[in-house]
Amino acid sequence: LIGFGMDLRPLLTGGALGSTLLVVMVGIVVAFAGAMLAGRLCGLNPRASLLLGAGTAICGNSAIMAVAPTVEADEEDLGLAIGVINLLGVAMLFALPPAALAVGISGEAGGALAGLTVHAVPQAIATGEAFGEDVVHVATLYKLLRVAMLVPVVVLLALVLPGRDGTRRKSGGVGVPHFVWLFVVASAL
């Protein structure tokens, strides 16, 4: 329903969509690389690290659940990833606004930061609102662009990662979450 209150016209003018998507994609690559490095330093197996990367880079629990079958994660990896992402998500909700404001990040930049870094959609929106009611749309836009990247990430992982038995998997059956399409329709209206 947030889409009904959003004006996407600024995003569609002057190349803003391309630059916004580029920022989102760079953020996703950095999040996955950071999760893989942190996982290695903590002694996690690569599949658990990929789940943490997906949860951080895309959209928390939803991304973890979407990526889990693709990376053939076991229940222990799944439980670890969900627990860590939820704890980090709550921490970000409360810690990001004061930390960002302390270093001079406010307004639309704060909304963009919230949308680019906070894990779950409701948490990103709430964090964005801490930077001002007038910039919630910025946080929402960046966050939903991250969510829309779930499909290409799952497909890419399916194409790149071998299965536990060493064989390649197919990426069929991956779809865009329904709420992303509904958001686009509501925003267009």
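Residues numbered from 1 in each chain as written. Predicted model: local features only at pLDDT ≥ 70, side-chain atom pairs only at ≥ 80, totals over all residues. Heavy atoms only, no water.

Colleague: Could you give an account of the overall build of the chain, naming the residues involved and the relevant values?
Modeller: Along the chain, the regular secondary structure elements total nine helices and zero strands. In the chain, the succession of α and β elements from N to C terminus is α-α-α-α-α-α-α-α-α. Split into buried and exposed, the 189 residues of the chain put 41% on the buried side. Expressed as a percentage of contacts within the chain between residues at least 6 apart in sequence, the contacts between residues at least 24 apart total 65%. If you sum the accessible surface of the chain, you get close to 9,900 Å²; carbon and sulfur atoms cover 70% of it. (Helix = DSSP H or I, 4+ residues; strand = E, 2+ residues; numbered from the N terminus. Buried < 20%, exposed > 50% of the residue type's maximum accessible area, 1.4 Å probe, protein only. Contact = heavy atoms within 4.5 Å. Areas by Shrake-Rupley, 256 points an atom, 1.4 Å probe, with all protein chains shown as cover.)

Colleague: An account of helix α3 (residues 61–71) is requested, with residue identities and associated values reported.
Modeller: Turning to α3, its buried residues number three or more, namely A63, I64, V67, A68, T70 and V71. Buried positions in α3, seen along its axis, are confined to an arc of 165° and lie on one side of it. Those residues of α3 that are buried are in contact with α2 (46–59), α4 (75–102) and α8 (150–160). Taken from the residues just after α3, E72 is the one with a positive phi, measuring 55°. (Arc of directions from axis to C-beta.)

Colleague: Help me get a handle on the packing of helix α5 (residues 107–117) against helix α7 (residues 136–148), residues and values and all.
Modeller: At a minimum axis distance of 7 Å, the contact between α5 and α7 shows a crossing angle of 25°. Overall, the two elements α5 and α7 adopt an arrangement that is roughly parallel. Here α5 runs over α7; the crossing is right-handed. Between α5 and α7, the contacting residues are E108, G111, A112, A114, G115, L116 and T117 on the first element and V138, A139, Y142, K143 and R146 on the second. The class makeup of the residues in the contact of α5 with α7 is six nonpolar, three polar and three charged. (Axes fitted to C-alpha atoms, helices over the stretch in contact; angles between N-to-C directions. Parallel < 35°, antiparallel > 145°, perpendicular 65-115°, else oblique. Left-handed = near helix turned anticlockwise from the far one by under 90°. Nonpolar A, V, L, I, M, F, W, Y, C, P; charged D, E, K, R; others polar.)

Colleague: Account for a negative patch on the surface, with residues named and values stated.
Modeller: Among the surface-exposed residues, E108, E129, E133 and D134 lie close enough to one another that they form a single negatively charged patch. Residue placement: E133 occurs in the loop between α6 (121–129) and α7. (Patch = residues over 30% accessible without salt bridge, like charges linked within 9 Å, V, L, I, M, F, W, Y side chains within 5 Å. Salt bridge = Lys/Arg side-chain N within 4 Å of Asp/Glu carboxyl O. Lys, Arg positive; Asp, Glu negative; His and termini not counted. Charge placed at Lys NZ, Arg CZ, Asp CG, Glu CD.)

Colleague: Let's hear about a nonpolar patch on the surface: which residues, and what values?
Modeller: A surface patch of nonpolar side chains, about 280 Å² in accessible area, is lined by L22, V26 and V30. Note that L22 resides in helix α1 (residues 16–41). You can call L22 exposed: its relative accessible area is 52%.

Colleague: Tell me what's going on with α2, and back it up with residues and numbers.
Modeller: Here α2 is 14 residues long and its end C-alpha atoms lie 19 Å apart, about the 20 Å a rise of 1.5 Å per residue gives. With respect to burial, α2 is a largely interior element, twelve of its 14 residues being buried. For α2, the set of buried residues is R47, A48, S49, L50, L51, L52, G53, A54, G55, A57, I58 and C59. Just past α2, the residue G60 takes up positive phi, approximately 60°. (Expected span 1.5 Å × (residues − 1).)

Colleague: Can you break down the environment of R146 residue by residue, with the values?
Modeller: Turning to its location among the elements, R146 is positioned in helix α7. Assessed through its relative accessible area of 1%, R146 is described here as buried. As for R146 and V121, which are separated by 25 residues in sequence, their C-alpha atoms are 9.7 Å apart. What R146 contacts, discounting residues up to four positions off in sequence, is V24, T56, A57, I58, A114, G115, L116, T117, V118 and H119.

Colleague: How would you sum up the nonpolar core? Please name residues and give values.
Modeller: Counting 32 residues, the largest nonpolar core has I28, F32, L51, I58, V67, V71 and L157 as the members making the most contacts within it. Secondary-structure elements contributing two or more residues to this core are α1, α2, α3, α4, α7 and α8. Among the elements that line this core, the one with the most residues is α2, at seven residues. By size, the runner-up hydrophobic cluster in this structure holds eight residues, among which are A100, V118, A124 and A139. (Core = buried A, V, L, I, M, F, W, Y, C linked by side-chain atoms within 4.5 Å.)

Colleague: Got a sec to walk through the environment of N45? Specific residues and values, please.
Modeller: Topologically, N45 is positioned in the loop between α1 and α2. Separated by 28 residues in the primary sequence, N45 and A73 place their C-alpha atoms 9.9 Å from one another. A polar contact of 2.8 Å, which involves the side chain of N45, links it to the backbone nitrogen of R47. (Polar contact = N/O pair within 3.5 Å; in protein donor to acceptor, adjacent residues only side chain to side chain.)

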